[in-house]
Amino acid sequence: MADERVEEQIETSEGVIPGGEDVAGTRRRSSSGTDKPIVAAIDFGTTYSGYAFTFRSEYEKSAGAREIFSNRWSSNVGALLSAKAPTTALFDPEMTFHSFGYEAEEKYADLIQEKQQKEWHCFRRFKMKLHDRLILRRELEITDEAGRLFPAKKVFAESIRYLRNEVVATIEKRNPMKNKDMIHWVLTIPAIWTEPAKQFMREAATEAGIPTADLQIALEPEAAAVYCRSLPEGTLVDSQDREVTDAFRPGGSYMIVDLGGGTVDTTVHEVAEDGRLMEVRQASGGPWGGTSVDDTFYDFIVNKFGSEFIEQFKRTRASDWMVLSMEFETKKRQLKYESERQIGIKIPNRLIAESNLPVGSLTSYDKLRVENEDFKQFFHPSTEDIISHVRTVLAEVDGVNVILLVGGYSQSDYVTNLMKIAFPDERIVIPLQAEAAVMHGAVLFGFEPRSVSVRICRHTYGISCRKVFIEGVHPPEYRKVVDGTARCLHMFSSIAMRGERVLLSDIRENKFTSSHQDEARRFKQIGFPVYASTATCPTYTTEDNCTLLGMIIVHPPENGWPPVVNYRVETFFGRTEFQVKVVNDVNGSELKSKFDFLS
C-alpha cells in the first residue's frame, strides 16, 4: 500500500519545521533497572519530607530479614519524633539556602522573635504549587511567608539538595562509598500530577546534584503498593481481623488510598499471573490531605481570637505559633474515634496574655477547651471528600479485595475508623509504618521498576496537525492553503487515549516525513506541539478540553537535513514519566531530540 505521508502535517510555532502524517503504530519490548549497589528514595511531601535507603545486599534478603534505613527527625520545641521533617525551606537575605525542616522552622521563629526576619525568605507547603497544573513554566514563582515572589525551581532544588546531602552523609557514616555514583535515586511524585509537574521535579532534582541518568520517578501509591506486598506474611491484617494474602496473589485486586499531607491519591491494581501489578483504573484524587484539618483548626482559632490579632501573632510570635501548631498536630494524631472527652489544647502563655480570651474557654490556666464533637468537625471537610471519592471509584471497578490506607493522614485513628464505618463490607488495612510506606516502597521500586506492568492513561495525548480540508465538515475559519492544497488547521491527532491500558513495554511509533528542499530549512528544528485532553476523542486542539503541554523538538544533524527526512517518533506512555525518542526511519540512527513541557 502506498505510504501516504503527505496527507497530514504537524502544526508548530515559528522557527521550527512541521512534520508529516502518522502512518503506522507498533509496539515492542523495552527494559529498565539499575545495577547500583545502593538505592535511596526522597519522599518530597506537602507537609513533611524524608528519605530512606538500603543496600543491594539487604534488598536480596527475605522480606522479614530485609532492613530499609531512614532518619528520625525531632524538634527542639516539641515532643514529636517522626520519619519525616517539615517541608519548610529557609533562605537568607542574599537568597542563599540556609536550612530545611525543623531547623528552618526554629531558625525562622528565632529571627521573628529578634525582629530580624524582614529580609529572610521562609517557604512552607510549596509542593502544592505544582498540583493539578497542565500548564507549568520553568519561571514559576512562589511566595514566601511575607508574600514576596521567589523562583520556585530554586526552592525545590535546594530542598532536594539538602535531603540528598543528608542521604549521602548518613550512608558515609555507615559504609564509606568509593564514589557518589554508587547511588540510584528515586523521587516520589503524586500519581495525579501532570507531565509538566513531573518534568519540573526532575529538573529540580538534577539542579540539586542528582544525575538525571541516575534518577527514577516513582508514583506514590505505586510505591506504597510495592511496600505493602513486600511485608512478611501475617503482617497485614484487615478490619475484620483476617490476614490479607489473597489481594497480592495472581488475580487479586486492591485499592491504594494514599492519605498524604496535601493530596489524597487513589489507584486500583490487579495482580497479573507473573505477579506484577496492573492498574485497572486511572489514578485519581484531590487536595483532601491532612493540611485541610489544619485549615479548619486555623479558622477555629481565628473565630476565637479574631483574624487581625492571629495574623499579627503569627508574624510577631512565630515560635509560640509553632508550639501551638505542633500541639495541635499531636492532638490531631492522638484523637480516637471512641473518645468523648473534651480536648485540651495547650495555648502559649503569650497568646493568652495578649488576647481577650474568656477564662471560661480554658480547662486550666493554659489549655483551650474544645468540645469533642467540635474537634472532630475539623476533619469532616476532607473525610467527606475522601469517602465520596472512594465510593465513586468502587462503583466503577469490580472485585476489589482490600482497601489499603497509607500516608501520614492514615495514622489518624479517627480518619481510619470513619473509613471503616463508611465501607462496612470492605476489608480495610492500615499497614505497619503506614506513614513511611511510600518512602520505603520507593526504595524497593528502585530495585524492581518493572513491578507495575500496566498503567491507565489519565489524559488523551496527541499532536496538532493539518489535514486535507473537507468542505462542509471542517470549520471554514480553520482552512489554510499549504503548498497549493487546502488544509484544516488545529486537528487533534491522537497518540494515546484517556482510560487506555498502556503496557510498561509499549512504544507508540508514529512515522513522519518533512521536506527540506529549501536551503533555509536545512538547519531548522522540527517541532511537534503535544496536547493533553480530558476528552476521549477530541477533534480539534482548540477545544476547551485541550491544553498545550509543550513541544517535541528534533535537532538537525551537524551537516543539516537531507532534502527529504523520513523518521519515526517513539513515545512511551506506560512508564512513570512521558519519554520520547526520534529515529531516522531509513537507517535506524537516533536523532537528537527532547520534549519540553515547561517552556
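Keep in mind it's a predicted model, so treat the numbers as computed, not measured.

Student: Mind laying out the overall build of the protein chain, listing which residues take part and the relevant values?
Tutor: Of the regular secondary structure elements, the protein chain holds 13 helices and 35 strands. A compact globule built from 599 residues should have a C-alpha radius of gyration of about 25 Å, and the protein chain, at 27 Å, falls within 12% of that. Overall size of the protein chain, expressed as C-alpha extent along the three principal axes, is 85 × 60 × 55 Å. Counting over 599 residues, the protein chain shows a buried share of 57%. Restricting to contacts in the protein chain with at least 6 residues of sequence separation, those with at least 24 account for 70%. In the form shown here, the protein chain has an accessible surface area of approximately 25,700 Å², with 47% of it arising from carbon and sulfur atoms.

Student: Provide a residue-level description of the packing of aromatic side chains, including the pertinent values.
Tutor: A complete count under the given rule lists 34 aromatic pairs for this structure. Ring centres of Phe248 and Tyr254 lie 5.0 Å apart, and the angle between their planes is 40 degrees; this geometry places the pair in the tilted category. Assigned by exposure class, Phe248 and Tyr254 land together as buried. Between Tyr478 and Tyr540, the ring centres sit 5.4 Å apart and the planes meet at 65 degrees, which makes this aromatic pair edge-to-face. Taken as a pair, Tyr478 in the loop between β25 (460-468) and β26 (479-482) and Tyr540 in the loop between β30 (525-533) and β31 (546-554) lie far apart in primary sequence, 62 residues in all. Put simply, the rings of Phe297, Phe300, Phe328, Tyr337, Phe375, Phe378, Phe379 and Tyr414 pair up and form one aromatic cluster.

Student: Outline the environment of His98, supporting the account with residue identities and numerical values.
Tutor: As for its position among the elements, His98 is in strand β10 (residues 97-100). A sequence separation of 24 residues divides His98 from Cys122, and the C-alpha atoms of the two residues are 9.9 Å apart. Of note is the side chain of His98, whose polar atom sits 2.8 Å from the side chain of Ser99.

Student: So what's going on with the domain arrangement of the protein chain? Which residues, and what values?
Tutor: Looking at the assigned domains, one finds that the protein chain contains domain 1 (34-231 + 440-449), domain 2 (290-378) and domain 3 (459-594). Its C-alpha centre places domain 2 at a distance of 55 Å from the equivalent point of domain 3.

Student: Explain empty space enclosed by the protein to me, using residue names and the numbers behind them.
Tutor: Applying the stated criterion to the full structure yields two cavities of 30 Å³ or more. In this structure, the largest cavity spans a volume of roughly 240 Å³. The wall of the largest cavity is formed by 21 residues, among which Glu195, Lys198, Ile456, Arg458 and Phe573 lie closest to the centre. At the level of secondary structure, the elements contributing two or more residues to the lining of the largest cavity comprise α4 (195-207), β18 (277-286) and β24 (452-456). When the residues that make up the lining of the largest cavity are grouped by side-chain class, the tally is 10 nonpolar, three polar and eight charged. When residues of the lining of the largest cavity are assigned to domains, at least three map to each of domain 1 (34-231 + 440-449) and domain 3 (459-594). Estimated volume of the second largest cavity: approximately 30 Å³. Contributing to the lining of the second largest cavity are Glu195, Lys198, Gln199, Glu577, Phe578 and Phe595. Residues belonging to the lining of the second largest cavity are distributed by class as follows: two nonpolar, one polar and three charged.

Student: Tell me about the sheet that holds strand β34 (residues 590-591), and please be specific about residues and values.
Tutor: Here we have four strands laid out as an open sheet, ordered β29-β32-β33-β34, and antiparallel in their pairing. Since the sheet does not close on itself, it has two edges, and those belong to β29 (508-515) and β34, each with one partner. Looking at chain direction, β29 and strand β32 (residues 564-572) are connected through eight bridges and run antiparallel. By the bridge assignment for β32, Ser514 is matched with Val565.

Student: Describe helix α13 (residues 437-447), listing the residues and the values that go with them.
Tutor: Most of α13 is tucked away: 11 of the 11 residues are buried. The complete set of buried residues in α13 reads Ala437, Val438, Met439, His440, Gly441, Ala442, Val443, Leu444, Phe445, Gly446 and Phe447.

Student: Outline the packing of helix α6 (residues 291-305) against helix α8 (residues 318-334), listing residues and values.
Tutor: Contact geometry of α6 with α8 gives a least axis separation of 11 Å together with a crossing angle of 120 degrees. In terms of axis orientation, α6 runs oblique to α8. The interaxial crossing formed by α6 with α8 has right-handed handedness. Counted together, Val293, Asp294, Phe297, Tyr298 and Ile301 of α6 and Trp321, Leu324, Phe328, Glu329 and Lys332 of α8 form the full contact between these two elements. Across the contact of α6 with α8, the residue classes tally to seven nonpolar, no polar and three charged.

Student: I'd like a description of unusual backbone geometry, backed by residues and values.
Tutor: Of note in the backbone geometry, Arg125 takes a positive phi value of approximately 50 degrees without being a glycine. With respect to the helices and strands, the residue Arg125 is situated in the loop between β11 (121-124) and β12 (141-143). Using a relative accessible area of 35% as the deciding quantity, one classes Arg125 as partly exposed.

Student: I'd like a rundown of the pattern of salt bridges, residues and numbers included.
Tutor: Under the criterion given, the structure shown has 32 salt bridges. Here Glu195 and Lys198 are joined by a salt bridge, their closest N and O atoms 3.3 Å apart. Here Glu195 and its partner Lys198 are both found in helix α4, three residues apart, which amounts to about one turn of the helix. Taken individually, Glu195 and Lys198 each receive the classification buried, so the pair is uniform in this respect. The residue Lys332 makes a salt bridge to Asp294 at a minimum N-O spacing of 2.9 Å. Here Asp294 lies in helix α6 and Lys332 lies in helix α8, a separation of 38 residues in the sequence. Per residue, the accessibility class of Lys332 equals that of Asp294, and both read buried.

What counts as what
Residues numbered from 1 in each chain as written. Predicted model: local features only at pLDDT ≥ 70, side-chain atom pairs only at ≥ 80, totals over all residues. Heavy atoms only, no water. Helix = DSSP H or I, 4+ residues; strand = E, 2+ residues; numbered from the N terminus. Rg over C-alpha atoms; globule rule 2.2 N^0.38 Å. Buried < 20%, exposed > 50% of the residue type's maximum accessible area, 1.4 Å probe, protein only. Contact = heavy atoms within 4.5 Å. Areas by Shrake-Rupley, 256 points an atom, 1.4 Å probe, with all protein chains shown as cover. Phe/Tyr/Trp six-rings, centres within 6.5 Å; stacked < 30°, edge-to-face > 60°. Polar contact = N/O pair within 3.5 Å; in protein donor to acceptor, adjacent residues only side chain to side chain. Domains from an automatic or database assignment. 1 Å grid on protein atoms, 1.4 Å probe; cavity = no way out; pocket = protein on both sides within 12 Å on 5 of 7 lines; lining within 4 Å. Points joined across faces, edges and corners; volume = space filled by probe spheres on them. Nonpolar A, V, L, I, M, F, W, Y, C, P; charged D, E, K, R; others polar. Pairing = 2+ DSSP bridges. Axes fitted to C-alpha atoms, helices over the stretch in contact; angles between N-to-C directions. Parallel < 35°, antiparallel > 145°, perpendicular 65-115°, else oblique. Left-handed = near helix turned anticlockwise from the far one by under 90°. Salt bridge = Lys/Arg side-chain N within 4 Å of Asp/Glu carboxyl O.

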